[in-house]
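# Observations on the three-dimensional arrangement
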Amino acid sequence: MDEKISIVYQGKTYESPVITGTKNEKAFDIANLRKETGLITMDYGYQNTGSTKSSITFVDGEKGILRYRGYPIEELAEKATFPETAWLLIYGDLPTEDQLTAFRRLLTENSLIHENLLHFFREMPPSAHPMGILSSIVNALGLFSPRFYDTENQAGEFDLMVAGLVSKIRTIAAFSYKASIGEPFAYPEADRSYCSNFLNMMFSSHTKPFVVNPLMEKALNTLLIVHADHEQNCSTSTVRMVGSSQANLYASICAGICALWGPLHGGANQAVLETLLRVQKSGMTVKQVLERAKDKTDPFKLSGFGHRVYKSYDPRAKVLQGLMEKIFSHEDNQDPLLDIARELEHQALSDDYFIERKLYPNVDFYSGILYRAMGIPTNMLTVMFAIGRLPGWIAHWKEMHDDPCSKLNRPRQIYMGEKERHWLDREERA
Ligand code: SDX
């Protein structure tokens, strides 16, 4: 039986249908609300507003559940490769052997960026933030392949564009790092896995061949998988927003990268490490950090803690904790920042302020320490988040384009400004 919700307004009753999701989540459809009542809804930050139906990712914030196309994140983190996960998110099922072989070949064949783009890296200041470089170059990729601007109903072209983006984002990230340290670029190699290629492009040098540590390669694979999608988060909603105007995929992804950069979102992993480094170098105590986080007069927040959806432990943080045990059980991987992070978590989880607000570690709390163990610099941590999140952004952009119900995203507002008034010449103005 279709559920309905009734709204009584100015003596009249209006009925709206209730939509029920796969896991019994409920929403009432307000598509006709304004037409029938003259009302719009108001919901700062869209905390209670669904923007779309989606079949890509399911998150249960109370139970700490995350599934990509129905597969639990724990299983994918343990058994999948990142390219497999990317395919799953974008195309809807785990790839067959042939599909995965073909996808891997496309990733290999499309890992290079146009040589003209290398000048961009060299012209940027060494201190340029890698997220600014990444967003710029991703948008520039389209300039070299304008045929991809119109991929409607051109499946082959779309698949090629997708593989190119998923592959080249690694190259752009690694090249931005090499440029920042003044070293020559290390190019992708055809016989390496997705993760091994990235680590080699980052750390190989012409004087010392780089041997990929299998444990770090597996850790990178897991980190990219747990970051791959998270339903309608800020950056994914941005990709959908920009894509809803029928802007091309490169422009939409560029916008997603920029949204991810903020410290309330993907930039939190860099902010976590900066907090840990500040504690380590300044002698600030963990207690003092928590006091600042709780002080309403202090804009400081404990990065890596709290989440709009998870009101229990972020299942991704649990996966990363398991990964940390493996990485840091090796005596040559010790890091004093880990001890500080563990103490921060311990004290926060036993502090009433955090308990009452259901603030738990999120995916960003431990990811930075793991990337640091690989040698990834602090200012590249959000770039690493973007590399992981790219398949999710693409999947949502595709789902939106394939959805016949999709429309241009254009929210309404309630105007609180001046009533009508008329022009004043300068001498008349107060
Ligand atoms: C990501 O949406 C996604 O799915 C995102 C993501 C993904 O995969 O895409 O999971 C990735 O962005 C994770 C979040 C990373 N950001 C941080 O770690 C930054 C620190 N966290 C906070 O800024 C905050 O928790 C947010 C922004 C993440 C969520 O905030 P909300 O949902 O807007 O909640 P809120 O700010 O209204 O907080 C509710 C209360 C407030 O206190 P009161 O007004 O009730 O007294 O909790 C407090 C907040 O001040 N609070 C914090 C806090 N987080 C919330 N206080 C101190 N430190 C914090 N980290």
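Our structure is the block above this text.
Figured I'd write up the structure that's included with this text.

Further remarks concern the overall build of the protein. When you go through the protein residue by residue, the secondary structure sums to 18 helices and six strands. Taking the principal axes of its C-alpha atoms as reference, the protein extends roughly 80 × 70 × 55 Å. Here the protein holds 430 residues, and the buried ones make up 47% of them. In the protein, once contacts between residues fewer than 6 apart in sequence are set aside, the share between residues at least 24 apart is 70%. In the form shown here, the protein has an accessible surface area of approximately 22,500 Å², with 52% of it arising from carbon and sulfur atoms. Placing the 47 positive and 53 negative side-chain charges of the protein at their respective mean positions leaves the two points 3 Å apart.

On to a nonpolar patch on the surface, then. On the surface, Met42, Tyr44, Ile414 and Met416 cluster together into a nonpolar patch covering about 550 Å² of accessible area. With respect to the helices and strands, Met416 occurs in the segment after helix H18 (381–402).

A few words on the packing of helix H12 (residues 268–282) against helix H17 (residues 363–374). The geometry of H12 relative to H17 is characterised by a closest axis approach of 8 Å and an angle of 75 degrees between their N-to-C directions. On the basis of the axis angle, H12 is roughly perpendicular to H17. Across from Ala268, Asn269, Val272, Leu273, Leu276 and Leu277 in H12, the residues of H17 making contact are Asp364, Phe365, Ser367, Gly368, Ile369 and Arg372. Class assignment for the residues of the contact of H12 with H17 results in seven nonpolar, three polar and two charged.

Neighbouring residues of the ligand: 24 residues in total, closest His230, Gly304, His307, Arg308 and Arg316. Here an oxygen atom of the ligand sits 2.9 Å away from a polar atom, N or O, in the side chain of Lys296. A distance of 2.7 Å is found between an oxygen atom of the ligand and a backbone nitrogen or oxygen belonging to Gly304. Computed on the free molecule, the ligand has an accessible area of 1,000 Å², of which 78% lies beneath the protein chains in the complex. Of the residues belonging to the shell around the ligand, the class tally is nine nonpolar, eight polar and seven charged.

Its place among the elements puts Arg240 in helix H10 (residues 234–243). The buried category is assigned to Arg240, whose relative accessible area is 6%. What Arg240 contacts, discounting residues up to four positions off in sequence, is Thr52, Ser54, Gln232, His396, Glu399, Met400 and Asn409.

Working definition: two side chains of opposite charge can pair if their charged atoms are close together. Within the structure shown, the criterion is met by 16 salt bridges. For Glu291, the salt bridge is made with Lys294, and the minimal N-O distance between the two is 3.2 Å. Here Glu291 and its partner Lys294 are both found in helix H13 (residues 286–294), three residues apart, which amounts to about one turn of the helix. Judged by its relative accessible area of 21%, Lys294 is partly exposed.

Conventions and cut-offs
Per chain, the residues get numbers from 1 upward, laid out in the order the sequence is written. Local features in this predicted model are restricted to residues of pLDDT 70 or higher, and side-chain atom pairs are both shown and tallied only at a pLDDT of 80 or more, whereas totals for entire chains, interfaces and linings draw on every residue. Each side-chain value is derived from all of the structure's non-hydrogen atoms; neither hydrogens nor water enter the calculation. Secondary structure elements are defined from DSSP: runs of H or I of at least 4 residues count as helices, runs of E of at least 2 residues count as strands, and each element is numbered from the N terminus. Three labels apply to residues, based on accessible area from a 1.4 Å probe with only protein chains included: buried if under 20% of the type maximum, exposed if over 50%, partly exposed otherwise in between. Contacts: residue pairs with any heavy atoms within 4.5 Å of one another. The Shrake-Rupley method, run with a 1.4 Å probe, gives the accessible areas here. Residue values count only the displayed protein chains as cover. His is not counted, nor are the chain ends, whereas Lys and Arg count as positive and Asp and Glu as negative. By convention, the point assigned to a charge is CZ for Arg, NZ for Lys, CD for Glu and CG for Asp. Candidate patch residues must exceed 30% relative accessible area and have no salt bridge, after which like charges are joined if within 9 Å and Val, Leu, Ile, Met, Phe, Trp or Tyr side chains if within 5 Å. The salt bridge definition used is simple: a Lys or Arg side-chain nitrogen within 4 Å of an Asp or Glu carboxyl oxygen. What counts as an axis is a line fitted to C-alpha atoms, over the stretch in contact for a helix, and the angles between N-to-C directions run from 0 to 180 degrees. Angle categories are assigned with fixed cut-offs, so that under 35 degrees is roughly parallel, over 145 is roughly antiparallel, 65 to 115 is roughly perpendicular, and the rest are oblique. Amino acid classes used here: Ala, Val, Leu, Ile, Met, Phe, Trp, Tyr, Cys and Pro are nonpolar; Asp, Glu, Lys and Arg are charged; the rest, including Gly, are polar. One heavy atom within 4 Å of a molecule or strand is enough for the residue carrying it to be called near that molecule or strand. In protein, a polar contact means a hydrogen-donor-capable atom and an acceptor-capable atom, both N or O and within 3.5 Å, with residues adjacent in sequence counting only if both atoms are side-chain atoms; elsewhere, any N or O pair within 3.5 Å suffices.

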